[in-house]
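Inside the fold
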Amino acid sequence: KATVSVLYWKINQGEMKMQLFDFTKRNLAANAEEIKKEVSSIVEEYGGRLDVIRKGGEGFDGTFGALAAADAEASFRSITCVLPSLTSGDQEARKASAEAKQELASMWSSAYSCPTLFKALQAYKESGVQDGLDEQDARLIDVTLGKFRHSGAHLSPAAREAFLTPNTVASQTGTQFEMNINEDVTKVEFAPSELDGLPASFIAALPKTPSGNVVASIKAPVRLPIMQQAHSSETRRKMQHAAQTACAATNGPLLDKILEARHQAAVAAGYENHAEYMLRTRTAGDLKTATAFCHEMLEKMQKKLKEEKEVLEKANGGKPVETWDVAYLVEKVKKESGIDTEALKKYFPLKQTLNRILSMYADLLGLVINEDPALPKWCDDVLTYTIRDLDSGDHLGSLYFDLFPREGKFGHQMILPLAPTFTGCRPACCYMGNLSKPEGDEEALLRITEVTTMFHELGHVMHCLCTQSKYSILSWAWPMVPWPGGVEQDFLEVPSSMFEQWALEEEVITQLSGEVDGKKIDLETVKKLNEKKHELDIVALYAKYYAMAVADLRMHSVAKASSQAIYRDTMKELINVTLQEDAHPAASWYHPVFGYDAGYYGYGWAEVYAQDLFVDFKQKGLFDKETGRKLRRTILAPCATKSAPTMLHDFLGREPSQEPYCIDLGIAG
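Residues numbered from 1 in each chain as written. Predicted model: local features only at pLDDT ≥ 70, side-chain atom pairs only at ≥ 80, totals over all residues. Heavy atoms only, no water.

On to the overall build of the chain. Counting its secondary structure elements, the chain contains 27 helices and 11 strands. Taking 26 Å as the expected radius of gyration for a compact globule of 669 residues, we find that the chain reaches 25 Å, a close match to that expectation. Looking at the chain as a whole, 58% of its 669 residues are labelled buried. Counting only carbon and sulfur atoms, one obtains 50% of the accessible surface of the chain, whose full area is about 26500 Å². Distance between charge centroids for the chain: 0 Å, based on 74 positive and 92 negative side chains. (Helix = DSSP H or I, 4+ residues; strand = E, 2+ residues; numbered from the N terminus. Rg over C-alpha atoms; globule rule 2.2 N^0.38 Å. Buried < 20%, exposed > 50% of the residue type's maximum accessible area, 1.4 Å probe, protein only. Areas by Shrake-Rupley, 256 points an atom, 1.4 Å probe, with all protein chains shown as cover. Lys, Arg positive; Asp, Glu negative; His and termini not counted. Charge placed at Lys NZ, Arg CZ, Asp CG, Glu CD.)

Here's what the structure looks like:
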């Protein structure tokens, strides 16, 4: 049985041979020169293996199997080149890594748009000689050929050139867009009096100028507490303005360039626009369906949105509520109803909370999750875990946590694949976060919203590490890494959104919370957390989310877009929100550039499915092991080896319904 070792298939003169690789020997902190050397080696070897297929690969093993094997090894090796762009403290390493990621993306783009390779694979498919293939082999054939068509391999030479050239522009520009966000160090200077309402410990932890002013980063661990707790509306306005204008000068033009290039490529491929091109590969199917879904949800929310706005106006003394006041007023109303989210932090120390969530997931899914300090790290703060199957003891994968902000580090939160799943290779992934780092010996504490986010992100982790796939292209991935793989994009968030539902259940909070002075969180507070879990969420979260989803679809459905104007106009039209004069939130918005282009609607789309799945757990018990094993067997383990509709039906035994989602948000009927 594999432990920390992984196996991959290597092509050598057209034959499949097995070769041993040890994950603990992966270089996860490569310098610039090491990155350049490794990416050159990957590209050269990958190209050589594809040449073998082009020159006459025979049978399944010589065509689809050979390509899958080449993809698997290149994917496994790629993390050495990709990871430093997101984690390294060395600017040169980050730059080399970003360039290497682009080179790898170009490598795979060239491979999957290659007409000669496509014809070789198509010839095998049309030969009809496919005896002995199993369900995953058949799925590999369909997914691979679909990716070739989506990449333009079937187009005429002229059309293919017209498709690939702007695609390359969009990809290269996207790399710069990401780097600009990661390298951004925008800060706001405040007099101490402007931060009245914030805990003294929070203010003390922030950098100071020689004159004694406080320097606040726009990163979430600093920005969100200021937006929620600073008594001064002007302080909140300044912080919002800094966040919404960050990268505007550099990334605003880049985003518009990306949108124009994507449109040109889509038209060359025979589509009306980029949104239609992307949605053909998703469960929504087309722009009309995705747009209608967003508008339908916004319409269902109108009554509750109006009611919640009235609550905030009342809390604001009858004065109009500005966008920078919303988070503060929501927090104020919750405190008045007996929920002080700042005071609750003491019950959720980071390490204890993390381990208890992992324990819950392990019990539910039949796993054993243990800390494993022997795994390689790129930073001393990184935590490492090994995951095994409870029944067999088989090694399932490796899990990393990089939870605190550093200069140059990825500035949002995500689960990053580190290694794919394929025959002989177990996956690895990293929870990339930006939580507030504790001072000195103090322990990091989590806000209840951060606890909820942890449930969500660890849902992605379970999806990644429970995957059982023979082929890397059918394992868990998304476009933050350059290698091909992953489920339909609007299904990607289903497991994570479903696991997120556990976070504020009374039974879960009771088990999860720690003790303070020998006492656990009181039951009345637990009950309120559950009852009021969506209090003011429509005005604070969901209405804005669906408006942003529509803005994303609109940006990707016109020939020449002004992303700033589309975002601004959509917010005003759909939810009557007026942005500050020069605000450009889309200039620092990762999603439309990396994997969620014309796909931001997918969070809500997936949450509808997720709520329907969660009904089974509500009915049979949140910790019902039989239901948990069914989830692992029908949703998590298959990953992309089955289609999203098939997996949903396998779990539900019926077609999915919107009703549980609407009931949960209080917008049913």
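From this point, the narrative continues.
Another aspect to go through is the packing of aromatic side chains. A complete count under the given rule lists 30 aromatic pairs for this structure. For the pair W478 and Y596, a centre-to-centre distance of 6.0 Å together with 70° between the ring planes defines the contact as edge-to-face. On the criterion of sequence distance, the pair formed by W478 in the loop between α18 (448–465) and α19 (494–500) and Y596 in the loop between α23 (563–575) and α24 (602–620) is long-range, its members being 118 residues apart. The pair formed by W478 and Y596 is uniform in burial state, with each residue classed as buried. Members of the aromatic cluster, each reached through a chain of ring pairs, are F293, W478, Y545, Y546, Y567, W589, Y596, Y600, Y601, Y603, W605 and Y609. Against the face of F651 rests K630, its NZ or CZ located 4.3 Å from the ring centre. (Phe/Tyr/Trp six-rings, centres within 6.5 Å; stacked < 30°, edge-to-face > 60°. Lys NZ or Arg CZ within 6 Å of the ring centre and 35° of its normal.)

The geometry of a pair of packed helices is captured by two quantities: the angle between their axes and the separation between those axes. Where helix α14 (residues 287–315) meets helix α15 (residues 326–336), the axes come as close as 10 Å, and the angle between the chain directions of the two elements is 85°. On the basis of their axis angle, the class for α14 and α15 is roughly perpendicular. Across the interface between the two elements, V311, L312 and A315 from α14 touch V326, L329, V330, K332 and V333 from α15. Of the residues in the contact of α14 with α15, the class split is 7 nonpolar, no polar and 1 charged. (Axes fitted to C-alpha atoms, helices over the stretch in contact; angles between N-to-C directions. Parallel < 35°, antiparallel > 145°, perpendicular 65-115°, else oblique. Contact = heavy atoms within 4.5 Å. Nonpolar A, V, L, I, M, F, W, Y, C, P; charged D, E, K, R; others polar.)

Contact geometry of α14 with helix α22 (residues 537–555) gives a least axis separation of 8 Å together with a crossing angle of 155°. Viewed along their axes, α14 and α22 adopt a mutual orientation that is roughly antiparallel. The handedness of the crossing between α14 and α22 is left-handed. Tallied by class, the residues present in the contact of α14 with α22 amount to 18 nonpolar, 2 polar and 5 charged. (Left-handed = near helix turned anticlockwise from the far one by under 90°.)

A few words on the pairing of strand β7 (residues 395–402). Most of β7 sits out of view: 8 of its 8 residues are buried. Sheet topology note: the strand β6 (residues 383–389)/β7 ladder contains 6 bridges and is antiparallel. Paired with I387 across the strands is G397, a residue of β7. Adjacent in sequence and paired antiparallel, β6 and β7 are bridged by 5 residues, among which G393 carries a positive phi angle near 80°. (Pairing = 2+ DSSP bridges.)

Bringing helix α6 (residues 115–127) into the picture now. Its 13 residues give α6 an end-to-end C-alpha distance of 18 Å, which sits within 8% of 18 Å, the value for a rise of 1.5 Å per residue. For α6, the full list of buried residues reads L117, F118, L121, Q122 and Y124. Down the axis of α6, the sector holding all buried residues measures 155°, keeping them to one side. The exposed residues of α6 that point more than 90 degrees off its buried face are K119 and E126. The inward-facing, buried residues of α6 abut α1 (32–54), α2 (59–62), α3 (64–82), α5 (91–112) and α7 (135–150). (Expected span 1.5 Å × (residues − 1). Arc of directions from axis to C-beta.)

Right, let's talk about the sheet that holds β6 for a bit. A sheet is described by the order of its strands in space; here 5 strands give the open sequence β5-β6-β7-β9-β8, paired in mixed fashion. If you trace the sheet from one side to the other, it starts and ends with β5 (367–371) and β8 (414–419), each paired once. On average, each strand axis in the sheet is tilted by 25° relative to the strand beside it, whichever way the strands run. Relative to β6, β5 runs antiparallel, the two being bridged by 5 bridges. For E371, the partnering residue across the bridge sits in β6 and is Y385. With respect to the sheet, α18 is in contact with β5, β6, β7, β8 and β9 (428–432), its orientation differing from that of β9 by roughly 170°.

Moving on: the pattern of salt bridges. It is possible for side chains bearing opposite charge to pair when their charged atoms get close. Scanning the model with the defined rule gives 36 salt bridges in all. A salt bridge links E73 to R49; the shortest N-O distance between them is 2.3 Å. Here E73 is found in helix α3, whereas its partner R49 is found in helix α1, with 24 residues between them in sequence. When its relative accessible area of 8% is taken as the criterion, R49 is described as buried. (Salt bridge = Lys/Arg side-chain N within 4 Å of Asp/Glu carboxyl O.)

If you trace the backbone, E505 turns up in the loop between α19 and α20 (506–512). A polar contact of 3.0 Å, which involves the side chain of E505, links it to the side chain of K618. (Polar contact = N/O pair within 3.5 Å; in protein donor to acceptor, adjacent residues only side chain to side chain.)

Right, let's talk about a negative patch on the surface for a bit. A cluster of acidic residues, E506, D522, E524 and E531, forms a negative patch on the protein surface. Inspection of the secondary structure assignment puts E531 in helix α21 (residues 523–531). With a relative accessible area of 53%, E531 lands in the exposed category. (Patch = residues over 30% accessible without salt bridge, like charges linked within 9 Å, V, L, I, M, F, W, Y side chains within 5 Å.)

Let us now look at the side chain of R447. Structurally, the position occupied by R447 is in the loop between β9 and α18. With relative accessibility at 9%, the residue R447 sits in the buried group.

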